[in-house]
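Structural characterization, general
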Number of protein chains: 2
Amino acid sequence: MTDRPPFAETHVRLAHGAGGPAMRALIDAVFLGQTRDPAALARADAACLPFGDGFLVITTDAHVVSPPEFPGGDIGRLSICGVVNDLAMAGACDVAALTSCVVLEEGFPLETLRRLHASVERACAEAGAGARVVAGDTKVMRRGELDGVIFSTTGVAFANRVVRDDGLRPGDALLITGTIGDHGLTVLSARHGLGLEGELRSDVAPLNGLVKVALAAGGAQVHAMKDPTRGGVTGALTEMAEKAGVAVRLREAALPMTAAARAAAELLGIDPLIVANEGKALIAVAPEAAGTVLAALRAHPLGHAAAHIGEVVAGPAGELLLDTGFGTRRLVSRDADPLPRIC
Amino acid sequence: MTDRPPFAETHVRLAHGAGGPAMRALIDAVFLGQTRDPAALARADAACLPFGDGFLVITTDAHVVSPPEFPGGDIGRLSICGVVNDLAMAGACDVAALTSCVVLEEGFPLETLRRLHASVERACAEAGAGARVVAGDTKVMRRGELDGVIFSTTGVAFANRVVRDDGLRPGDALLITGTIGDHGLTVLSARHGLGLEGELRSDVAPLNGLVKVALAAGGAQVHAMKDPTRGGVTGALTEMAEKAGVAVRLREAALPMTAAARAAAELLGIDPLIVANEGKALIAVAPEAAGTVLAALRAHPLGHAAAHIGEVVAGPAGELLLDTGFGTRRLVSRDADPLPRIC
């Protein structure tokens, strides 16, 4: 844990939900302030509770994305993939059960709700046998009290072995399972009517099958995983490196990106490294296993663009260095200009 | 399953979140339309999945109550008690883990959030060792996109034996664990500034300890349980009786109610039988065990006003008859005049 300044804020700001330092400060100050619960204090995307010879893994996500439907996905698909992926990042690839709460604004079109629900069912089918919504709740707020719809989802899984997000070791190779920025740039582009939707699509997908392949190939040499959602690659790597007390070096030229995402990032003036992804994983693996794991990822339909993007190095905890080919710049996980309602 | 008319609505109405027939129709038409999942189709407040020699019990609830703080409780306490009680109604009294999502409006006072979180922690402590929030999520929506705060909570437990809400048998005694109407009338009274708050308090409390006592006293003679939340006693009993294909007779004079709740119900012109409770259970028990279970309930601090309020009888599925002392009237689970954001 790094030292943090005392928390002196008085009101919720957008940055408190943006996945960066302000959100971590809020969680530390308000939600973890009094707790001594080791599962909560791990501050991982999924809690791993000792259970029998293994672990009960449990995670939860609220989704507030606007607009609720966008190229490549919708809030229903996102709600399932979000928790399936958080379970998978902990190494829990076989989902045991999902729950889903839907909060609706009065007047919300039922035809849209049917489409969102069909999308939930499709995402569950893609995520395998246990991925099914077994319990739910529906609440309605008056017109004007809520903008559209919120989904809140929880996932439960059992795992014999878990992977943490704090397991980075100096020397580890850092892999990403595919292109970056697609989800966030798609949602922003759809929201602002930039007309890029033809080529740009969210990457939202359940990653448990892909992660299973990586774990089968790398075994215990897979040291840490995290999905770069809110806060993007920069946010996720900063958190991983802070927890592990290490630094990370990335090669800019190695970061996979589609031409459409590159164009959208330029048009919107947004660094794609801070943009949310919803179908990608960062995987730190012992250098001797990097080739095997990368090959396994690339052989999977969701991993064909997987790449070796950098290395874990000894250095100041949480420091991220980007080798641009012309020099090195330091990446900072910032709260400036948060991107609200991206997921 | 009773036959239902085809679902021809086009937009979400407040009644779709009110716990009555409109909500059940929405759930059937949209959420359960295509599913063949037995856990989901049971339409119980908690899903009971076979697991080893027993069951994995899981439930989820979104809370949108307005105002978020009210006499006797707040949305934080409600969010924990809601899921703890749904687990307890299935007979799962030892909570294994809880998750909590909080969606906040930009500008929400952090001092209020701290109070709500402290309340979450207190409710967890009351609900026993396993009741702890091990995973969470925080999202922020822009000012005006959400009115205040939403909590969404999931609970997981393991149970050797589960109790269903459809186990009513003709001849069963129907018990309630205490006074009715307190929660909903308190929230409405606080919202409308009726000034009744001095005497009127929400009953929101974790019932797993009380239910444990009832199950220890009644064993397998406890045939069914349900907590009368949204839709109140009328809504809960209608659903229980519909599922079991039986009717229920209630004695009005036996229904426990505080003087303050009675006064508020009269002032607001609301039938207390349709008002949400957040710390009460309906328990159907074989007649020969009714006395033992009732005595056990009354010996518990949360059950001192427990009462034997009626009987399960053979009759039209879902019919509720209220013996007023001057005759009998039929209670109907209605959507007219839904009470939004009571829980």
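Residues numbered from 1 in each chain as written. Chains lettered and ligands numbered in written order. Predicted model: local features only at pLDDT ≥ 70, side-chain atom pairs only at ≥ 80, totals over all residues.

**Here we look at the overall build of chain A**
The helix and strand inventory of chain A stands at nine helices and 14 strands. Taking the principal axes of the C-alpha coordinates as reference, chain A spans close to 55 × 50 × 50 Å. The buried share of chain A, reckoned over its 343 residues, is 59%. Taking all contacts inside chain A whose residues are at least 6 apart in sequence as the whole, residues at least 24 apart take part in 84%. (Helix = DSSP H or I, 4+ residues; strand = E, 2+ residues; numbered from the N terminus. Buried ≥ 20, exposed ≤ 12 C-beta atoms within 10 Å, placed from the backbone. Contact = placed C-beta atoms within 7 Å.)

**Digging into the sheet that holds strand S9 (residues 222-226) of chain A**
Residue and element names in this part refer to chain A. Pairing within the open sheet is mixed, and its seven strands lie in the order S9-S11-S8-S12-S10-S13-S14. The strands lining the two open edges of the sheet, one partner per strand, are S9 and strand S14 (328-331). The mean angle between the axes of side-by-side strands here comes to 25°, regardless of whether they run parallel or antiparallel. Strands S9, strand S10 (247-251), strand S11 (282-285), strand S13 (320-323) and S14 of the sheet are contacted by helix H7 (residues 232-244), whose axis makes an angle of about 130° with S13. (Pairing = 2+ DSSP bridges. Axes fitted to C-alpha atoms, helices over the stretch in contact; angles between N-to-C directions.)

**Regarding the confidence of the model for chain A**
With 97% of its residues at a pLDDT of 70 or more, chain A has an overall mean of 93. With pTM at 0.95, the complex prediction returns an ipTM value of 0.94. (pLDDT = per-residue confidence, 0-100.)

**Observations regarding the relation of the copies chain B and chain A**
Of the transformation placing chain B onto chain A, the axial shift is 0.0 Å and the rotation is 180°, giving an RMSD of 0.0 Å. Here the transformation between the copies is reduced to the relation of a two-fold axis. The rotation axis passes nearest to the C-alpha of B:Leu146 in chain B, at a distance of 2.2 Å. (Least-squares fit on C-alpha atoms with pLDDT ≥ 70 in both.)

**Side note on the interface of chain B and chain A**
Opposite the 62 residues of chain B that make contact, chain A presents 62 residues. Mapped by element, the contributors of at least two residues to the side of chain B that touches chain A are helix H1 (21-31), helix H2 (38-41), strand S1 (47-51), strand S2 (54-63), strand S5 (95-105), helix H4 (110-126), strand S6 (133-141) and strand S7 (149-159) of chain B. Grouping the amino acids of the side of chain B that touches chain A by side-chain chemistry returns 34 nonpolar, 14 polar and 14 charged. (Nonpolar A, V, L, I, M, F, W, Y, C, P; charged D, E, K, R; others polar.)

**Re helix H6 (residues 208-218) of chain A**
Residues and elements named next belong to chain A. All of the buried residues along H6 are Asn208, Leu210, Val211, Ala214, Leu215 and Gly218. Angular distribution of buried residues about the axis of H6 spans 155°; they occupy a single face of the element. Buried-residue contacts for H6 involve helix H3 (75-89), strand S5 (95-105), S9, S11 and helix H9 (290-298). Just past H6, the residue glycine 219 takes up positive phi, approximately 50°. (Arc of directions from axis to C-beta.)

**Focus on the packing of H6(A) against H9(A)**
Residue and element names in this part refer to chain A. Running from N to C, H6 and H9 point in directions that differ by 150°, and their axes come no closer than 8 Å. For the element pair H6 / H9, the angle class is roughly antiparallel. For H6 against H9, the interelement crossing comes out right-handed. Contacts from Leu210, Val213, Ala214, Ala217 and Gly218 of H6 reach H9 at Thr292, Val293, Ala296 and Leu297. (Parallel < 35°, antiparallel > 145°, perpendicular 65-115°, else oblique. Left-handed = near helix turned anticlockwise from the far one by under 90°.)

**Side note on the packing of helix H5 (residues 182-191) of chain A against helix H8 (residues 259-268) of chain A**
Residues and elements named next belong to chain A. Following both chains from N to C, one finds H5 and H8 inclined at 55°, their axes separated by 10 Å at the closest point. One element, H5, and the other, H8, form an angle in the oblique class. Here the hand of the crossing between H5 and H8 comes out left-handed. In this structure, H5 contributes Asp182, Leu185, Leu188 and Ser189 to the contact, and H8 contributes Ala261, Ala264, Ala265 and Leu268. Looking at the contact of H5 with H8, its residues break down into six nonpolar, one polar and one charged.

**Observations concerning the pairing of S5(A)**
Residue and element names in this part refer to chain A. Counting buried residues in S5 gives eleven out of eleven residues, a clear majority hidden from the surface. With eight bridges joining them, S5 and strand S6 (residues 133-141) adopt parallel strand pairing. Looking across to S6, one finds that cysteine 101 is bridged to aspartate 137. Chirality of the crossover, the property in question, places the unit of S5, helix H4 (residues 110-126) and S6 among those that are right-handed. (Right-handed = clockwise from strand over helix to strand, strands pointing away.)

**So, the domain arrangement of chain A**
By convention, interface size is frequently given as the accessible area that disappears when the constituent parts associate. Residue and element names in this part refer to chain A. For chain A, the assigned domains read domain 1 (44-159) and domain 2 (173-331). Here domain 1 and domain 2 have C-alpha centroids that lie 22 Å from each other. For the side of domain 1 that touches domain 2, the secondary structure elements donating two or more residues are H3 and H4. Element by element, the count of residues in the side of domain 1 that touches domain 2 is highest for H3, at nine residues. When the residues that make up the side of domain 1 that touches domain 2 are grouped by side-chain class, the tally is 15 nonpolar, six polar and three charged. (Domains from an automatic or database assignment.)

**Focus on unusual backbone geometry**
Residue and element names in this part refer to chain A. Looking along the chain, the bond that leaves serine 66 and enters proline 67 is cis, with omega of 0°. Its location among the elements puts proline 67 in the loop between strand S2 (54-63) and strand S3 (69-70). Unusually for a residue other than glycine, arginine 341 sits at a positive phi of about 55°.

**Notes on the sheet that holds strand S9 (residues 222-226) of chain B**
Residues and elements named next belong to chain B. Spatially, the seven strands line up as an open sheet ordered S9-S11-S8-S12-S10-S13-S14, and their pairing is mixed. Two strands bound the open sheet, and with one partner strand each, they are S9 and strand S14 (328-331). Averaged over all adjacent pairs, the angle separating strand axes in this sheet is 25°, with direction ignored. Strand direction decides the pairing type here: strand S10 (residues 247-251) and strand S13 (residues 320-323), joined by four bridges, are parallel. Paired with leucine 250 across the bridge in S13 is leucine 322. Against the sheet, helix H6 (residues 208-218) makes contact with S9 and strand S11 (282-285), and its axis sits at roughly 165° relative to S9, the strand it touches most.

**Considering H7(A)**
Residues and elements named next belong to chain A. Look at H7: 18 Å from first C-alpha to last across 13 residues, which is about the 18 Å you get at 1.5 Å a residue. Summarising burial for H7: twelve of the 13 residues are buried, a large majority. Gly232, Val233, Thr234, Gly235, Ala236, Leu237, Thr238, Glu239, Met240, Ala241, Lys243 and Ala244 are the residues of H7 that are buried. Taken together, the buried residues of H7 touch S9, S10, S11, S13 and S14. In the stretch just after H7, glycine 245 is the one whose phi turns positive, near 70°. (Expected span 1.5 Å × (residues − 1).)

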